[in-house]
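Inside the fold
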Amino acid sequence: MQTDAGLLTVEEQLPGLAPRLEACLEVARTAAETEGCVAGTQHLLLGLLHVGVAANVLDRLGVSRDAVRETSALLLTARDEDGERTVGDGEAAAKAARRFAASRGQRETRTEHLLMVIALDPGSSARRVLDHLGVEPARVKKELADFMPPAPRSGRRGRRTGKPDRDGQACSFCGCGDADRVMVNGPGVRICSECVVLASDIVATTRAQRSDAT
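Just so it is clear, the structure is predicted and the values come from calculations on it, not from any experiment. (Residues numbered from 1 in each chain as written. Predicted model: local features only at pLDDT ≥ 70, side-chain atom pairs only at ≥ 80, totals over all residues. Heavy atoms only, no water.)

Some remarks on the overall build of the protein chain
Basically, it comes down to this: For helices the rule is a DSSP run of H or I covering at least 4 residues; for strands it is a run of E covering at least 2, with both sets numbered from the N terminus onward. Between buried and exposed lies partly exposed: a residue is buried under 20% and exposed over 50% of the maximum accessible area for its type, with that area taken using a 1.4 Å probe on protein chains only. All accessible areas in this document rest on Shrake-Rupley with a 1.4 Å probe, and a residue is counted as covered only by the protein chains that are shown.
Along the protein chain, the regular secondary structure elements total ten helices and two strands. Counting helices and strands in the order they occur from the N terminus, the protein chain gives α-α-α-α-α-α-α-α-α-β-β-α. Looking at the protein chain as a whole, 42% of its 214 residues are labelled buried. Summed over all atoms, the accessible surface of the protein chain reaches about 12000 Å², with 50% contributed by carbon and sulfur.

Brief notes about the nonpolar core
Counted only if it meets this: What is meant by a nonpolar core is a set of buried Ala, Val, Leu, Ile, Met, Phe, Trp, Tyr and Cys residues, joined one to another through side-chain atoms within 4.5 Å. Any two residues having at least one pair of non-hydrogen atoms within 4.5 Å are treated as being in contact.
Judged by nonpolar contacts, the single largest core of 38 residues is most densely connected at Leu45, Leu48, Val63, Leu114, Leu115, Ile118 and Leu144. Where this core is concerned, the elements lending two or more residues are α2 (19-35), α3 (41-48), α4 (53-60), α6 (90-103), α7 (111-120), α8 (125-132) and α9 (137-144). If you tally residues by element for this core, the top one is α7, at six residues. The residues contacting Leu144, other than those within four sequence positions of it, are Val53, Val57, Glu112, Leu115 and Met116.

Remarks on the environment of Gly52
For Gly52, the location among the structural elements is in the loop between α3 and α4. For the pair Gly52 and Leu21, spaced 31 residues apart in the sequence, the C-alpha separation amounts to 7.6 Å.

Some words on α3
Of all eight residues in α3, eight are buried, a share of seventy percent or more. If you check which residues of α3 are buried, you get Thr41, Gln42, His43, Leu44, Leu45, Leu46, Gly47 and Leu48. Close packing links the buried residues of α3 with α2, α4, α5 (65-75), α6, α7 and α8.

What to know about the side chain of Thr71
Turning to its location among the elements, Thr71 is positioned in helix α5. When residues no more than four places from it in sequence are discounted, the contact partners of Thr71 are Leu76, Val129, His132 and Leu133.

Thoughts on the packing of α3 against α8
As a reminder, the rule being used: Structural elements are reduced to axes, namely lines fitted to C-alpha atoms, with helices fitted over the stretch in contact, and the angle between N-to-C directions of any two is expressed from 0 to 180 degrees. Gly falls in the polar group here, along with every residue not listed as nonpolar (Ala, Val, Leu, Ile, Met, Phe, Trp, Tyr, Cys, Pro) or charged (Asp, Glu, Lys, Arg).
In the contact formed by α3 and α8, the axes pass within 6 Å of each other and the chain directions differ by 65°. Residues Thr41, Gln42 and Leu45 of α3 form the contact with α8, whose own contacting residues are Ser125, Ala126, Val129 and Leu130. Its residues assigned to classes, the contact of α3 with α8 comprises four nonpolar, three polar and no charged.

With respect to the side chain of Arg127
Examined against the element boundaries, Arg127 turns out to sit in helix α8. With sequence-adjacent residues up to four places away left out, Arg127 is seen in contact with Ile118, Ala119, Asp121, Pro122, Val135, Glu136 and Pro137.

Side note on the pairing of strand β1 (residues 183-186)
Worth spelling out the cut-off: Note: two strands are recorded as paired if DSSP finds a minimum of 2 bridges between them.
Sheet topology note: the β1/strand β2 (residues 189-192) ladder contains four bridges and is antiparallel. When the sheet's bridge partners are listed, Asn185 is paired in β2 with Arg190. Where β1 folds back onto β2 in an antiparallel hairpin, the turn is made up of two residues, including Gly188, whose phi is positive at roughly 80°.

Examining the packing of α4 against α7
To keep things clear, this is the line we draw: Roughly parallel refers to an angle under 35 degrees, roughly antiparallel to one over 145, roughly perpendicular to one between 65 and 115, and oblique to any angle outside these ranges.
At a minimum axis distance of 7 Å, the contact between α4 and α7 shows a crossing angle of 50°. When the interaxial angle is binned, α4 and α7 end up oblique. Packed against α4, whose contacting residues are Val53, Ala54, Val57 and Leu58, the element α7 presents Thr111, Glu112 and Leu115 at the interface. Of the residues assigned to the contact of α4 with α7, the class counts are five nonpolar, one polar and one charged.

A word on the environment of Ala145
Residue position: Ala145 is located in the loop between α9 and β1. Look at Ala145 and you get partly exposed, because its relative accessible area is 40%. Put simply, Ala145 and Met116 are 29 residues apart on the chain and 9.7 Å apart in space, counted from C-alpha to C-alpha.

Things to note about the confidence of the model for the protein chain
Reading fine detail from the predicted coordinates is not recommended where pLDDT is low. Selection rule: The predictor's confidence in any single residue is recorded as pLDDT, a number from 0 to 100.
Per-residue pLDDT for the protein chain averages 78, and the proportion of residues at 70 or more is 77%. Contacts of residues 8-15 to residues separated by more than four positions or lying in other chains number 18 contacts, the stretch itself having pLDDT below 50. Scored below 50 in pLDDT, residues 154-166 makes eleven contacts in the model with residues more than four places away or belonging to other chains.

Regarding the environment of Val182
By the secondary structure assignment, Val182 is in the loop between α9 and β1. Its relative accessible area of 45% is what places Val182 among the partly exposed residues. As for Val182 and Phe147, which are separated by 35 residues in sequence, their C-alpha atoms are 8.9 Å apart. Setting aside its immediate chain neighbours within four residues, Val182 contacts Asp146, Ile191, Cys192 and Ser193.

Here it is as structure tokens:
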């Protein structure tokens, strides 16, 4: 079923959405429905302020829910001159975030992937809002750098999960050896900040499922 917000079909088509991203998409959908319009990336930006890595990054950059709402009302319109609802760019952005996550070799699409996509797209409604708030794309990209691995190099075989690299400096879980990645060391193992976030999501989801089962 297609909703007014235009996001339900995206979730059906794209497997591997992290629980926190699903929660953010629900907030974005509700915001769009309240305005009686099709969801745009400005609604996704509002949703991303709800929870997750993206919410923390936006908070550090000084972006608030009220600022997004006020700027969206100032710059954007939900209807054209004939009174017809304008087409939101939210669905295309959600699909682009999934492709971006896949390009980084990640099985789940998370809040940081979606924020990266909408913040760096010069034609998105979210980019217009962020520009007005003085948040440059380079700042967003820098803040998110620690939470996602670099794109795999073409023609080079990746490391196997769980196998450390020869110098023992890579994450023991995802195999990433990026020197800029924050690493937590343990007895014979290392875990990067990206895997810590993923592990937290898995633990939270498992606990919720066990709680529902009881």
